[in-house]
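# Reading the structure
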Amino acid sequence: MFPHLESLLLVSLLAVVMAATPPNVVLFLVDDLGYGDLTPYGHPTSNTPHIQLLAEQGLVFTQFYTTSPICSPSRAALLTGRYQTRSGIYPGVFEPNDLGGLPHNETTIAEGLKEIGYTTGMIGKWHLGVGADGEYLPDHHGFDYYMGIPYTHDACPCYVCFYPKQWCSTSCSPEYVPCPVYECKDGKQEIVQQPADLTTLSANLAMAAANFVDKQAGSGKPFFLYYAFQHMHAPQFSGQKFRNSSKRGNYGDSLREVNWAVSQVLQALSNTGVSDNTVIFLTADNGPDLSQGDNGGSAGPLRCGKASTWEGGMRVPSIAWWPNKIRHGRTHQLASTLDLLPTIFSMAGQSSLKTQRSMEPTCPLCCTTRMEKVIATGLLISPSLPTRLEDRMH
């Protein structure tokens, strides 16, 4: 059992407890997206209407934090609900030739949801290890389906980034083999493309995500989709549809491709009639790569960016959306990626794990405001400070 969680569910009177079916969950994670990159956070020239719609209909967090200003540690914390130092994914990131990965004794969001009947899928950038024989890929961490590049695309040689044959701003890592696109399903792992074609990658991954939604919505079982973009990590890239389509140059073109991919998932949810029973979270793994100049994003009013523990490296955009369940608006209350696992588990009705993993406080010295106070229906549960939660509910 999760200590203190059962009593919190009773006190909070979560709407999901009384729901006829548990909600589907979609988690969008954008790589290196800066606090100031999206229109809801004040950028004057970004063109992301579908993300803007999520913001208008959902809840925008103005003080949402990741646990690390770089990729692998922050993703480990997001998926396990525990600081990265507990899993050992710290302080650096995985390279293609690393043999290790996220320890198998860690429990991910996907593994917890599978225990209660969810079908789980992941699209995009994993960056938590591959292993000598693929033993650390997502299908070994609770995901029924996976398609994507298992690490950052600059960890491979990269040449063409924009349609039709515009070269990348950097040659990336020519010392490694070309980036593979994996597809893992039905207990099998297959490399379906190598080298990855960056001009068609987003379209192929968005199609895979939409197909996953179509299939699972028709099955009648709840599903969890974790869509982790290669965008907006440098070098920027996009396909024909979005080349020279924005006022922000290469970065804006890439961001528009992210927005389009989000729209494909939203359209699939709508077409299959499951939008009203789907909760969506959109956030970033860390701040923008300011070393890339105009090709590296914006931290807005915040100091520094990626690889820095100043606000610009750790404070990221975040939007929560669930029609008629999560109130729309903006909140200045503090929250973090550590809150996502217990929040999703509580909404899904996952109150115990077969693995008996402890949900002890991850931040015993923090005094943050509980996320569920931010949501009108009390949907978000924080693992931090269980001994103080009762006091902060009043």
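Scroll up a little and you will see the structure.
Reading guide: rules and limits
Residues numbered from 1 in each chain as written. Predicted model: local features only at pLDDT ≥ 70, side-chain atom pairs only at ≥ 80, totals over all residues. Heavy atoms only, no water. Disulfide = S-S within 2.5 Å. Helix = DSSP H or I, 4+ residues; strand = E, 2+ residues; numbered from the N terminus. Buried < 20%, exposed > 50% of the residue type's maximum accessible area, 1.4 Å probe, protein only. Contact = heavy atoms within 4.5 Å. Phe/Tyr/Trp six-rings, centres within 6.5 Å; stacked < 30°, edge-to-face > 60°. Lys NZ or Arg CZ within 6 Å of the ring centre and 35° of its normal. Pairing = 2+ DSSP bridges. Axes fitted to C-alpha atoms, helices over the stretch in contact; angles between N-to-C directions. Parallel < 35°, antiparallel > 145°, perpendicular 65-115°, else oblique. Left-handed = near helix turned anticlockwise from the far one by under 90°. Nonpolar A, V, L, I, M, F, W, Y, C, P; charged D, E, K, R; others polar.

This brings us to the state of the cysteines. Formally, a disulfide is one covalent bond, and it connects the sulfur atom of one cysteine to the sulfur atom of another. This structure, assessed with the given rule, holds three disulfides. Note on cysteine connectivity: Cys158 is disulfide-linked to Cys172, with sulfurs 1.7 Å apart. Judged by the torsion about the S-S bond (75°), the Cys158/Cys172 disulfide is right-handed. Of this pair, Cys158 sits in the loop between strand S4 (145–148) and strand S5 (160–162) while Cys172 is found in the loop between strand S6 (166–167) and strand S7 (181–185), placing the two residues 14 residues apart along the sequence. Note on cysteine connectivity: Cys161 is disulfide-linked to Cys168, with sulfurs 2.0 Å apart. Across the S-S bond of Cys161 and Cys168 the torsion is about 95°, and the bridge reads as right-handed. Residues Cys161 and Cys168 agree in their burial class; the two are buried.

Mapped onto the secondary structure, Thr48 falls in the loop between strand S1 (24–30) and helix H2 (49–57). You can call Thr48 buried: its relative accessible area is 3%. With residues up to four places along the chain from it excluded, the contact list for Thr48 reads Leu38, Thr39, Leu255 and Asn259.

We now examine the packing of aromatic side chains. Applying the stated criterion across every chain, the model contains 11 aromatic pairs. On the numbers, 6.4 Å between centres and 80° between planes, the contact of Trp126 with Phe143 is edge-to-face. You can see Trp126 sitting in the loop between strand S3 (119–124) and S4 and its partner Phe143 sitting in the loop between S3 and S4, a full 17 residues away along the chain. For Trp126, a relative accessible area of 0% corresponds to the buried category. For the ring pair Tyr159 and Trp167, a centre distance of 5.8 Å and an interplane angle of 65° mean the geometry is edge-to-face. The rings of Trp126, Phe143, Phe224 and Tyr226 are connected pair by pair, giving a single aromatic cluster. One residue, Arg303, lies across the ring of Trp310, its end atom 3.8 Å from the ring centre.

Judged by how many residues are buried, strand S11 (residues 315–321) sits mostly within the fold: seven of seven residues are covered. Here five bridges tie strand S2 (residues 59–65) to S11, and the two strands are oriented antiparallel to one another. The partner of Phe61 across the bridge, within S11, is Ser318.

This part covers the packing of helix H6 (residues 198–219) against helix H7 (residues 249–271). With their axes 8 Å apart at the nearest point, H6 and H7 run at an angle of 20° to one another. Between H6 and H7, the crossing angle belongs to the class labelled roughly parallel. At the point where H6 passes H7, the crossing takes the right-handed sense. Within the contact between the two elements, H6 uses Ser202, Ala203, Ala206, Ala209, Ala210, Val213 and Asp214 and H7 uses Glu257, Trp260, Ala261, Gln264, Val265, Ala268 and Leu269. A breakdown of the residues in the contact of H6 with H7 according to their chemical character gives 10 nonpolar, two polar and two charged.

It is worth spelling out unusual backbone geometry at this point. Following Gln194, the chain continues to Pro195 via a peptide bond in cis, the omega torsion being 5°. Its location among the elements puts Pro195 in the loop between strand S8 (188–193) and H6. Even without glycine at this site, Cys172 takes up a positive phi of about 65°. Phi is positive for Cys304, which is not a glycine, with a value near 65°. By relative accessible area, Cys304 is classed as partly exposed at 31%.

Taken in spatial order, the 10 strands of this open sheet run S8-S7-S4-S3-S9-S1-S10-S11-S2-S12, and their pairing is mixed. Pairing within the sheet leaves two strands with one partner each, and these edge strands are S8 and strand S12 (329–336). Here the strands of the sheet are splayed against their neighbours by 15° on average, with no regard to which way each runs. Each of S2, strand S10 (278–284) and S11 is contacted by H2, which is oriented at about 70° to S11, the strand it contacts most. On the sheet, helix H3 (residues 71–80) packs against S1 and strand S9 (223–228) and is oriented at approximately 170° with respect to S9.

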